[in-house]
Amino acid sequence: MKTIIANLKMNKTPSECKNYLMNLVSRFDKAENVELCVCLPFTSLAEAKYILKDSKIKLGAQNLSDYEEGGNTGEISGAMLKDAGVDYVIVGHSERRSKFKENNKLINKKIKVALKNGLGVILCVGESLVEKNTLKTLDSLREQIEEGLKGLYENELEKVILAYEPIWAIGTGKHASVREIEYAVKVIRKVIEDDFSSRAAKQIRVLYGGSVNNKNATALFKAKGMDGALIGGASLDVNMFLNLLSLL
Ligand code: 13P
């Protein structure tokens with residue numbers, strides 16, 4: 001069973017999201033071999049809960065506050081997401097790390113808040129182009145995972161999905177090779193083994209994200225140890241996205 005997560009990022013108004021989801025729901029449920037989650041903008045979550053109610057598509061958010069409640073104008077809490085019907089929340093996406101200056105400490109706090117509120121977490125990790133070119137991928141991934149998951153209990157990892165998203169591959173049309181994905185997946189599982197257990201390392205789901213589309217999906221899904229994909233641009237058009245899912 002592959003896990004596919006669509007990250008719509010800051011695209012689609014509530015009415016556009018509604019059309020997208022209605023279309024997806026009516027046509028997706030026939031595909032049995034995929035666990036699908038769609039991560040929508042905040043403004044579409046509450047309505048999505050009703051549209052997805054009788055489908056097996058999971059609902060995801062793209063961010064949450066590291067605070068629980070109160071005087072944090074403009075923030076969205078874990079409890080709000082849970083009540084809106086959210087199953088998973090993306091934390092540590094490289095766009096938030098770079099544009100919104102989120103560091104591993106903050107990401108760690110957000111993960112704890114998400115888990116405390118019963119949400120699953122999709123933790124994104126990935127190296128920059130400079131790190132890749134200076135052979136620092138391993139160090140970069142290790143640091144992001146260790147600091148991001150610091151203080152978690154092993155049983156909490158059941159609610160965590162790791163997404164390997166090399167920064168240089170996001171929205172660039174350049175994807176990692178099967179060998180690079182296999183290497184990163186190995187590194188990720190080794191870090192989990194070192195910090196938790198070999199059982200946890202085997203069980204945790206590891207996805208790849210970065211310029212996945214219907215032209216390269218079949219080849220990329222040959223990567224050993226990879227459990228699925230986190231898809232941005234190629235998830236925005238329902239027809240294209242369904243076509244991609246049908247290739248798995
Ligand atoms: P693209 O698929 O558009 O490269 O985006 C990947 C991503 O950032 C998913 O979170």
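Residues numbered from 1 in each chain as written. Predicted model: local features only at pLDDT ≥ 70, side-chain atom pairs only at ≥ 80, totals over all residues. Heavy atoms only, no water.

The next thing to look at is the packing of aromatic side chains. Under the definition given, this model contains 1 aromatic pair. Between Tyr-164 and Tyr-208 the ring centres are 6.1 Å apart and the planes differ by 50°, which places this aromatic pair in the tilted class. Of the two residues, Tyr-164 sits in strand E6 (residues 160–164) while Tyr-208 sits in strand E7 (residues 205–209), which places them 44 residues apart along the sequence. Across the pair, Tyr-208 and Tyr-164 agree in class, each one buried. The ring of Trp-168 has Lys-132 sitting right over it, with the charged end atom 4.6 Å from the ring centre. (Phe/Tyr/Trp six-rings, centres within 6.5 Å; stacked < 30°, edge-to-face > 60°. Helix = DSSP H or I, 4+ residues; strand = E, 2+ residues; numbered from the N terminus. Buried < 20%, exposed > 50% of the residue type's maximum accessible area, 1.4 Å probe, protein only. Lys NZ or Arg CZ within 6 Å of the ring centre and 35° of its normal.)

Turning our eyes to something else, we now look at the environment of Gly-225. Summarising the element assignment, Gly-225 is placed in the loop between helix H10 (217–220) and strand E8 (228–231). The sequence separation of Gly-225 and Ile-181 amounts to 44 residues, and the corresponding C-alpha distance is 9.0 Å. Not counting residues up to four positions away in its chain, the partners in contact with Gly-225 are Val-185, Arg-189 and Val-206. (Contact = heavy atoms within 4.5 Å.)

So, about the site of the ligand. Inspection of the region around the ligand gives Asn-7, Lys-9, His-93, Glu-165, Ala-169, Ile-170, Gly-171, Gly-210, Ser-211, Leu-230, Gly-232 and Gly-233 as its neighbouring residues. Within the backbone of Ser-211, one N or O atom sits 2.8 Å away from an oxygen atom of the ligand. Within the backbone of Gly-232, an N or O atom sits 2.9 Å from an oxygen atom of the ligand. Of all the cavities here, the one that holds the ligand is the second largest pocket. Along the lines of polarity and charge, the residues of the shell around the ligand split into 3 nonpolar, 7 polar and 2 charged. (Near = heavy atom within 4 Å. Polar contact = N/O pair within 3.5 Å; in protein donor to acceptor, adjacent residues only side chain to side chain. 1 Å grid on protein atoms, 1.4 Å probe; cavity = no way out; pocket = protein on both sides within 12 Å on 5 of 7 lines; lining within 4 Å. Sits in = over half its atoms within 2 Å of the grid points. Nonpolar A, V, L, I, M, F, W, Y, C, P; charged D, E, K, R; others polar.)

Here the structure, examined in full by the defined rule, presents 15 salt bridges. A salt bridge links Lys-53 to Asp-54, with the shortest nitrogen-to-oxygen separation between them at 3.9 Å. For Lys-53, a relative accessible area of 56% corresponds to the exposed category. Note that Arg-199 is salt-bridged to Glu-154, the shortest N-O span being 3.9 Å. (Salt bridge = Lys/Arg side-chain N within 4 Å of Asp/Glu carboxyl O.)

The 8 strands lie next to each other as E1-E2-E3-E4-E5-E6-E7-E8, forming a closed barrel whose pairing is parallel. Taking the axes of each pair of neighbouring strands and ignoring which way they run, one obtains an average angle of 25° across the sheet. Summarising the sheet, strand E5 (residues 120–125) and E6 pair through 5 bridges and their orientation is parallel. Considered in E6, the bridge of Leu-123 is made with Leu-162. (Pairing = 2+ DSSP bridges. Axes fitted to C-alpha atoms, helices over the stretch in contact; angles between N-to-C directions.)

What follows is about the layout of surface pockets. Size it by volume and the largest pocket reaches roughly 520 Å³. What lines the largest pocket is a set of 20 residues, and nearest its centre among them are Met-10, Gln-62, Asn-63, Arg-96 and Phe-100. Of all the secondary-structure elements, those providing two or more residues to the lining of the largest pocket are helix H2 (42–51) and helix H4 (94–99). Counting residues per element, the lining of the largest pocket draws most heavily on H4, at 3 residues. Taken together, the residues of the lining of the largest pocket sort by class into 8 nonpolar, 7 polar and 5 charged. Roughly 220 Å³ of volume is contained in the second largest pocket. Together, 18 residues line the second largest pocket, and Lys-9, Gly-171, Ser-211, Gly-232 and Gly-233 are the ones closest to its centre. (Points joined across faces, edges and corners; volume = space filled by probe spheres on them.)

Turning to its location among the elements, Gln-62 is positioned in the loop between strand E3 (58–61) and helix H3 (78–83). Engagement of the side chain of Gln-62 in a polar contact is seen with the backbone oxygen of Cys-39, the distance being 3.1 Å. Of note is the side chain of Gln-62, whose polar atom sits 3.5 Å from the backbone oxygen of Leu-40. Once residues lying within four places of it in the same chain are set aside, the contact partners of Gln-62 are Asn-7, Leu-8, Lys-9, Met-10, Cys-39, Leu-40, Pro-41, Val-89, Ile-90 and Arg-96.

For the rest of this paragraph, the subject is empty space enclosed by the protein. Scanning all chains against the criterion turns up 2 cavities of 30 Å³ or more. Its volume calculated, the largest cavity comes out at about 40 Å³. Looking at the largest cavity, the residues that line it are Gly-92, His-93, Ser-94, Arg-97, Cys-124, Val-125, Gly-126, Gln-144, Glu-165 and Ile-167. If you list the elements that add at least two residues to the lining of the largest cavity, you get H4 and E5. Its residues assigned to classes, the lining of the largest cavity shows 3 nonpolar, 5 polar and 2 charged. Estimated volume of the second largest cavity: approximately 30 Å³.

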